[in-house]
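Overview (structure and organization)
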Amino acid sequence: MIVKAQWLLLAAFVVFFQSSRSQTGVYVDKHRPQIHFSPKKGWMNDPNGMVYFNGKYHLFYQHNPDKPVWGPMHWGHAVSIDLVHWEELPIALYPDALGTIFSGSAVIDKNNTAGFGTNAMVAIYTSHNHAIEKDGFDKIETQSIAYSLDEGKTWTKYKGNPVLPNPGIRDFRDPKVSWYEPSKKWIMTLAVTDHIDFYSSPDLKNWTKESEFGKDLGAHGGVWECPDLFPLLYNGEEVWVLIVNINPGGPNGGSAAQYFTGKFDGRVFTPNETDTKWIDYGPDDYAGITWSNTGDRKIFLGWMSNWLYANVVPTEKWRSANTIARDLGIVRAGGRYLVTSKPVKALQQLTATTYTLKNKAGKSFDITSTAGKLKGPALLTFDMEELKSFNIELSNSNGEKIIAGYDKATNNYFIDRSSSGKTDFHKEFTNKLTAPRLSSNKNADIILVIDDASVELFADSGLSVMTAIFFPESNYTDLHIKSTEKLAIKNLVFNHLNSAW
């Protein structure tokens, strides 16, 4: 009965959003994502305060409601019951005397450690004081909290803010807080210019510095931002993952999210390896973190843009979307622990029609000739008995195209958007994008998530991941898989997807 009730609720949710879209026309404007969350209007960047509670995934985000460019930061708010269909809610947090509302996290205080109430939803965020920033002061960023007793509908800012004053550091921000059960305390993972500081607290109000990490490790092409710390299980072993977003300094220029694996004892993070690893090698997955309060399941979401060009991409009433929600896992390959990412399975509930192909060999596969022209988002998955060079080409009648694929000579996956449509808004937008193949298996599996203005490539069970946005004059309608060699495809599934709106 519970399962039936959940499906009835989901059906009602879908009907509501389809009705809402047809009435307002908000989500049919040019380049508007159809299976990714984007705000109705204004600007969006970092996902914030992501927390699961009472059957709903809460997504807060950096938001300028007045203009489609970065500006005075608020926390926008949206909710979903399935990570696919989203309802945009009123703004949650507004700027105040301490400053604008920069990035942070949210938790459910099950044990009422803060005294706001059992199961209070507590947001922990950076207050950024632009007034003193103009004078060049270093103490422009402090950490504050707010709480909600009605599942995020209304918020009360704590009168004792800031709960963590600035020690005299300009970049001191983006608190990601989680409960550390062995020590019965909260842990704050904080980005501090070029490293991470760890703090602990019994009550979310009083914080003690525990340790530092990373000044001489990982990528340091730019400032460290938006960290996250959580454990994943590998064959019963607890492996801690520390995500650190960096801008600039990504593997394909501009913004990106690196990570470390290791051990955490409630005070100190000790890495297993010190080489630089990336959650997503594409240019358009930044500030990504995971949802709180989801148990052992870790669900990741990033901002689908890049600070190189985020303010100038060719959209008008709104700018930016989020990536597809992704389930994270961990494997051991080549003597290293590696994080994997896969689209959440709920994405498949948008399937409208399906085309399948089994045990076929050839140099060219014209998917749209049999599956029909693309009329919106789509999901392509296929397996190869032996990985060889290939191109997946998306194109339209204007001659615009984007190509994703694999180059055996370099052992790299790639995305080429040099002819994808409008590209003149930034000189580096047409740079060739590559990701190393991390698997040594002979066979390979590929997932490609296609939306009106983005592709997300997941290769080798999510070991190599790339995300890229694009802006064609008209949506792509044709899909081909091509190679100079004969490909042996074991199983191919192509799904036309309905809009989530």
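Residues numbered from 1 in each chain as written. Predicted model: local features only at pLDDT ≥ 70, side-chain atom pairs only at ≥ 80, totals over all residues. Heavy atoms only, no water.

1. Re the sheet that holds strand E21 (residues 326-333)
Spatially, four strands are ordered E18-E19-E21-E22 in an open sheet, and the strand pairing comes out antiparallel. Both edges of this open sheet fall to strand E18 (286-290) and strand E22 (336-343), since each of them pairs with a single strand only. Taking each pair of neighbouring strands and ignoring which way they run, the sheet shows an average axis angle of 40°. Sheet analysis places E21 next to E22, joined by eight bridges and oriented antiparallel. Within the sheet, the bridge partner assigned to Ala333 lies in E22 and is Arg336. (Pairing = 2+ DSSP bridges. Helix = DSSP H or I, 4+ residues; strand = E, 2+ residues; numbered from the N terminus. Axes fitted to C-alpha atoms, helices over the stretch in contact; angles between N-to-C directions.)

2. What about the packing of aromatic side chains?
Inspection of the entire model under this criterion finds 34 aromatic pairs. Ring centres of Trp224 and Phe260 lie 6.1 Å apart, and the angle between their planes is 40°; this geometry places the pair in the tilted category. Of this pair, Trp224 sits in strand E13 (residues 223-234) while Phe260 sits in strand E15 (residues 256-264), and the two are 36 residues apart along the sequence. A centroid spacing of 5.3 Å and a plane angle of 55° characterise the contact between Trp240 and Phe264, whose relative ring orientation is tilted. One end of the pair, Trp240, is in strand E14 (residues 237-247); the other, Phe264, is in strand E15, and 24 residues separate them in sequence. Phe264 shares its class with Trp240; the two are buried. The structure contains a cluster of three or more aromatic residues connected by ring pairs, namely Tyr27, Phe37, Tyr52, Tyr57, Tyr61, Trp86, Trp291 and Trp501. Here the basic side chain of Arg332 rests over the ring of Tyr337, its NZ or CZ set 4.5 Å away from the ring centre. (Phe/Tyr/Trp six-rings, centres within 6.5 Å; stacked < 30°, edge-to-face > 60°. Buried < 20%, exposed > 50% of the residue type's maximum accessible area, 1.4 Å probe, protein only. Lys NZ or Arg CZ within 6 Å of the ring centre and 35° of its normal.)

3. So, the confidence of the model for the chain
On average, residues of the chain score 94 in pLDDT, and 95% of them reach the 70 mark or higher. Taken together, the stretch residues 1-5 has pLDDT below 50 and engages in zero contacts with residues farther than four places along the chain or on a different chain. (pLDDT = per-residue confidence, 0-100. Contact = heavy atoms within 4.5 Å.)

4. Let's talk about the sheet that holds strand E12 (residues 208-213)
The strands that make up a sheet pair up through hydrogen bonds in the backbone, lying either parallel or antiparallel. Strand order in the open sheet made by the four strands is E9-E10-E11-E12, with antiparallel pairing throughout. The open sheet has two edge strands, strand E9 (172-180) and E12, and neither has a second partner. This sheet shows a mean twist of 25° between the axes of neighbouring strands, independent of strand direction. Sheet topology places E9 next to strand E10 (residues 185-192); seven bridges connect them, and they run antiparallel. The partner of Lys176 across the bridge, within E10, is Thr189.

5. Observations concerning the nonpolar core
Ranked by internal contacts, the top residues of the largest apolar core, which has 56 residues, are Phe382 and Tyr413. By size, the runner-up hydrophobic cluster in this structure holds 19 residues, among which are Val107, Phe172, Trp186 and Leu204. (Core = buried A, V, L, I, M, F, W, Y, C linked by side-chain atoms within 4.5 Å.)

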